[in-house]
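# Commentary on secondary and tertiary structure
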Amino acid sequence: MRFNGSDEYVSTDDLTLAVNAAIQLQRPLLVKGEPGTGKTMLAVQVAKALGVPLLEWHIKSTTKAQQGLYEYDAVSRLRDSQLGDPRVHDIHNYIVKGMLWQAFSADSPVVLLIDEVDKADIEFPNDLLRELDRMEFYVYETRELVKAKHRPIVFITSNNEKELPDAFLRRCFFHYIRFPDKETMEKIVGVHFPELKKTLLREAMDVFFEVREVPGLKKKPSTSELLDWLKLLLAEDIPTDALRSKDRKTIIPPLHGALLKNEQDVHLFERLVFMTRAKGA
Amino acid sequence: MLIDFFLKLKSHKLPVSIKEYLTLLEAMGKGVIGPSVDDFYYLSRAALVKDEANFDKFDRAFAEFWQGVETIPGIEAQIPLEWLLKQVELTLTEEEKKQIEALGGWEKLMETLKQRLEEQKGRHQGGSKWIGTGGTSPFGAYGYNPEGIRIGQDRSRNRSAVKVWDQREYRNLDDSVELGTRNIKVALRRLRRFAREGAPDEFDLENTISSTARKAYLDIHMRPERRNTVKVLMLMDIGGTMDDHIKLAEELFSAAKTEFKHLEFYYFHNCLYDFVWKDNRRRHSERTRTWDLLHKYGHDYKVVFVGDATMSPYEILQPGGSIEYFNEEPGAVWIKRFMDVYPKCIWLNPEPEEIWGYRQSIQVLKELMNGRMYPTTLSGLERAMKVLAK
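The shown structure was predicted, so the numbers you read here are calculated from the model rather than taken from an experiment.

This part is about the overall build of chain A. When helices and strands are counted, chain A shows 13 helices and nine strands. Taken across its 281 residues, chain A has 50% of its residues classed as buried. A separation threshold of at least 6 residues defines the contact pool for chain A, and within that pool the share at least 24 residues apart is 73%. Just so you have it, chain A exposes about 13800 Å², and 51% of that area is on carbon and sulfur atoms.

All names here are of chain B. Evaluated as defined, the whole model comprises 29 aromatic pairs over all chains. Clustering of aromatic rings is evident, with ring pairs tying together F5, F40, Y41, Y42, F58 and F62. Its end group placed over the ring of Y266, K278 keeps NZ or CZ at 4.9 Å from the ring centre. The ring of W334 is capped by R337, whose NZ or CZ atom sits 4.5 Å from the centre of that ring.

The parts lose accessible area when they come together, and the size of an interface is often stated as this lost area. Facing the 35 residues of chain A at the interface are 39 residues of chain B. When residues of chain A are sorted by the area they lose upon contact with chain B, L17(A), E161(A) and F174(A) head the list and together hold 18% of the total. Remark: the boundary between chain A and chain B carries four salt bridges. Here D14(A) makes a salt bridge to R45(B), at a shortest N to O gap of 3.3 Å. Inspection of the region where chain A meets chain B yields seven residue pairs in polar contact (both at pLDDT 80 or more). For the side of chain A that touches chain B, the element with the highest residue contribution is helix α1 (residues 13–25) of chain A, accounting for eight residues. Residue composition of the side of chain A that touches chain B, grouped by class: 13 nonpolar, eight polar and 14 charged.

Right, let's get into the nonpolar core. In this structure, L42(A) and F155(A) are the most contacted members of the largest nonpolar core, which totals 85 residues. Every residue in contact with F155(A), bar those within four places of it in the chain, is listed here: V19(A), L29(A), V31(A), L42(A), A43(A), V46(A), V111(A), L112(A), L113(A) and I114(A). Judged by nonpolar contacts, the second largest core, of 31 residues, contains L233(B), L294(B), A309(B) and Y342(B).

A few words now on helix α15 (residues 360–368) of chain B. All names here are of chain B. All of the buried residues along α15 are S361, I362, V364 and L365. Projected down its long axis, α15 carries its buried residues within an arc of 160 degrees, all on one side. In α15, the exposed residues that point more than 90 degrees away from the buried face are Q360 and E367. Among the structural elements, α13 (314–317), α14 (331–341), β10 (345–349) and β11 (373–375) are those in contact with the buried residues of α15. Backbone geometry just after α15 places N370 at a positive phi near 55 degrees.

Residue and element names in this part refer to chain A. In a regular helix each residue adds 1.5 Å, so 14 residues correspond to 20 Å; helix α11 (residues 223–236) covers 20 Å between its end C-alpha atoms and thus fits that length. Listed in full, the buried residues belonging to α11 are T223, E225, L226, L227, W229, L230 and L233. Of the residues flanking the end of α11, it is D237, one or two places downstream, whose phi is positive at about 55 degrees.

Moving on, we get to the pairing of strand β6 (residues 262–268) of chain B. Residue and element names in this part refer to chain B. Where strand β5 (residues 231–237) meets β6, seven bridges bridge the pair, whose relative direction is parallel. Looking across to β6, one finds that L233 is bridged to E264. Note that the unit made of β5, helix α11 (residues 246–259) and β6 has a crossover that is right-handed.

Turning next to the packing of helix α1 (residues 3–11) of chain B against helix α4 (residues 55–66) of chain B. All names here are of chain B. One can describe the packing of α1 onto α4 by two numbers: an axis separation of 9 Å at closest approach and a directional angle of 140 degrees. The angle between α1 and α4 places the two elements in the oblique class. The two elements α1 and α4 cross, and the hand of that crossing is right-handed. Contacts from D4, F5, K8 and L9 of α1 reach α4 at F58, A61, F62, E64 and F65. A per-class count over the contact of α1 with α4 returns six nonpolar, no polar and three charged.

Backbone hydrogen bonds are what pair the strands of a sheet, in a parallel or an antiparallel way. Residues and elements named next belong to chain A. Taken in spatial order, the five strands of this open sheet run β2-β5-β8-β1-β9, and their pairing is parallel. With partners counted over all chains shown, the strands left at the sheet margins are β2 (54–58) and β9 (173–177), one partner each. Direction aside, the axes of adjacent strands within the sheet are offset by 20 degrees on average. Looking at chain direction, β2 and strand β5 (residues 111–115) are connected through five bridges and run parallel. Looking at the pairing, E56 lines up with L113 of β5. In the packing of helix α2 (residues 39–50) onto the sheet, the strands contacted are β1 (29–33), β2, β5, β8 (153–158) and β9, and the crossing angle to β8 comes to about 165 degrees.

This next bit is on a nonpolar patch on the surface. On the surface, V75(A), F203(B), L218(B), I220(B) and M222(B) cluster together into a nonpolar patch covering about 440 Å² of accessible area. On the secondary structure map, I220(B) appears in the loop between α10 (205–215) and β4 (222–228).

Attention now moves to the pairing of β10(B). Residue and element names in this part refer to chain B. Within β10, five of the five residues are buried, which leaves it mostly tucked inside the rest of the structure. Residues C345, W347 and N349 line one face of β10 and the alternating positions I346 and L348 line the opposite face, and both faces are buried. Across four bridges, strand β9 (residues 302–306) lies against β10 in parallel orientation. Bridge pairing links V304 to I346 in β10. Summarising the sheet, β10 and β11 pair through three bridges and their orientation is parallel. Note that in β11 the partner of N349 across the bridge is P375. Between the parallel pair β10 and β11, the chain is carried across by α15, and the sense of this crossover is right-handed.

Rules and cut-offs
Residues numbered from 1 in each chain as written. Chains lettered and ligands numbered in written order. Predicted model: local features only at pLDDT ≥ 70, side-chain atom pairs only at ≥ 80, totals over all residues. Heavy atoms only, no water. Helix = DSSP H or I, 4+ residues; strand = E, 2+ residues; numbered from the N terminus. Buried < 20%, exposed > 50% of the residue type's maximum accessible area, 1.4 Å probe, protein only. Contact = heavy atoms within 4.5 Å. Areas by Shrake-Rupley, 256 points an atom, 1.4 Å probe, with all protein chains shown as cover. Phe/Tyr/Trp six-rings, centres within 6.5 Å; stacked < 30°, edge-to-face > 60°. Lys NZ or Arg CZ within 6 Å of the ring centre and 35° of its normal. Buried area = accessible area lost by both parts, 1.4 Å probe. Salt bridge = Lys/Arg side-chain N within 4 Å of Asp/Glu carboxyl O. Polar contact = N/O pair within 3.5 Å; in protein donor to acceptor, adjacent residues only side chain to side chain. Nonpolar A, V, L, I, M, F, W, Y, C, P; charged D, E, K, R; others polar. Core = buried A, V, L, I, M, F, W, Y, C linked by side-chain atoms within 4.5 Å. Arc of directions from axis to C-beta. Expected span 1.5 Å × (residues − 1). Pairing = 2+ DSSP bridges. Right-handed = clockwise from strand over helix to strand, strands pointing away. Axes fitted to C-alpha atoms, helices over the stretch in contact; angles between N-to-C directions. Parallel < 35°, antiparallel > 145°, perpendicular 65-115°, else oblique. Left-handed = near helix turned anticlockwise from the far one by under 90°. Patch = residues over 30% accessible without salt bridge, like charges linked within 9 Å, V, L, I, M, F, W, Y side chains within 5 Å.

As structure tokens, this is what we get:
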């Protein structure tokens, strides 16, 4: 199995290599990067390109590692026991499989996405060491060992909110998705809006990178925000001329709300535009 | 195999482990990559480096390893030929190999190189025959001959062959540099501490089961939700020498405001005295007594001072040292009071750590803080948060 990017996802050389290394060595791939650079999309696209099912496990601050393995539904059993349901005698009826179990017991290899692992408790990654390393775990309630039939291809994304333990990192491949340069960005946009006019694209891209370079922005617009903005530009049918002017700094780009998500940023941006205009006059 | 490389990374203080090294070898054994150095660079980075803050260190170590000669000037004439051959062969692309043909092929080139190495005695620069730097001979660095063999050059002159690790694109992710808002937020998040507090609105399964079993009827138990309960009291120096650091202080403040539910902040000027205030424009009319702060906020608050601590030492140590009004007790006493009430107390200093030693007031305050003064770089902030979270 090899991943070479797809028609919907532009993968840089280093990313492709990291993905293939992870696939061939059957180790998890830890993906970090600025928000909106396509960390989660990577797993989706790899699954699509390889033609295997995708299992997604989204982590929240309250998620426990155990929930990925299985959960014992004691409440249903308690209820059934009070109602005299015969199912109550078999504990198997009350073991709910988690994402990892589903991935391990699948008949063909699957892609497993563990999304935003850093949101969880600090102990979370440590609790998954053996499960991800040996791809097996023990179910205490039924005294059985669950072993992966096929080692799943595991993608783990992190936003760097917590440092991950070294023991966990040692077992992973790591890739940091850098913010794409103009060339890669053009490819990415081309993939999402194939019918976009070349001129509009170039103008929009210039505006986008200019906005990104405004000093002091609290949240720089990212790839996904650019794509949203282009979608809006297309939907509103903004003419290319609106983006272009002799001195581009004198206009506020239309629909800039898609790029700047913070009223302080919008304010700062408007002030800068105003200042350059005052200087020019 | 590649043990030197591994040791080189270690010597650059990269946290690499044997297991990761073996993973890299395993990957090479399985033929994950072709015979290209770029691929090897990406693969070794994915396998060995697990933090983008270390990418820059890795790039430097990598460059040093593959072009190891540059660190020692004049070594060109002492390189064992076999070693050189191997290294050069590795860094050549197909195109470059074709270009070599132009000079009569690889063998011939190496033959000539060997000859010249023998002829040459010392370090050489310029000219068109000898090995050295800046010439047009096919041997040496910083030259213009497209058929040249590069010896000890950190990037190729014609941009076509710039190696990835020479670009050092990850420099701004290195954790010893200054921060942006997002970085600060991420660092502050390490302070999170979850605890159950407040209204019981979550179903407590385990308690319900055990209680039901004990009482033999369904006994529902509820518990409060887990929340981040860290409480932070932030005291910021404002005005005067802090004007140079306004942007940073602003960023730190806005990051802290979104990260902590219980964040209290006050301003002071240069050093802490009898009064602090919330609004800098009305600092003389609406100020709070520092005693009130000590009484109002419990000792479970974590206190963060932000200031450059740059002033005359008298402002800290002498009564009446304040430049704004006559203070009866010296600033040092107030700092000490805070240290006594709040066990978790740190000072963030936007001045670079290297110059702290040259400013007496910084030294004095650092001592007052029991050494808990940290620079506002990412690593400094992380160290600070670690102390606070303990």
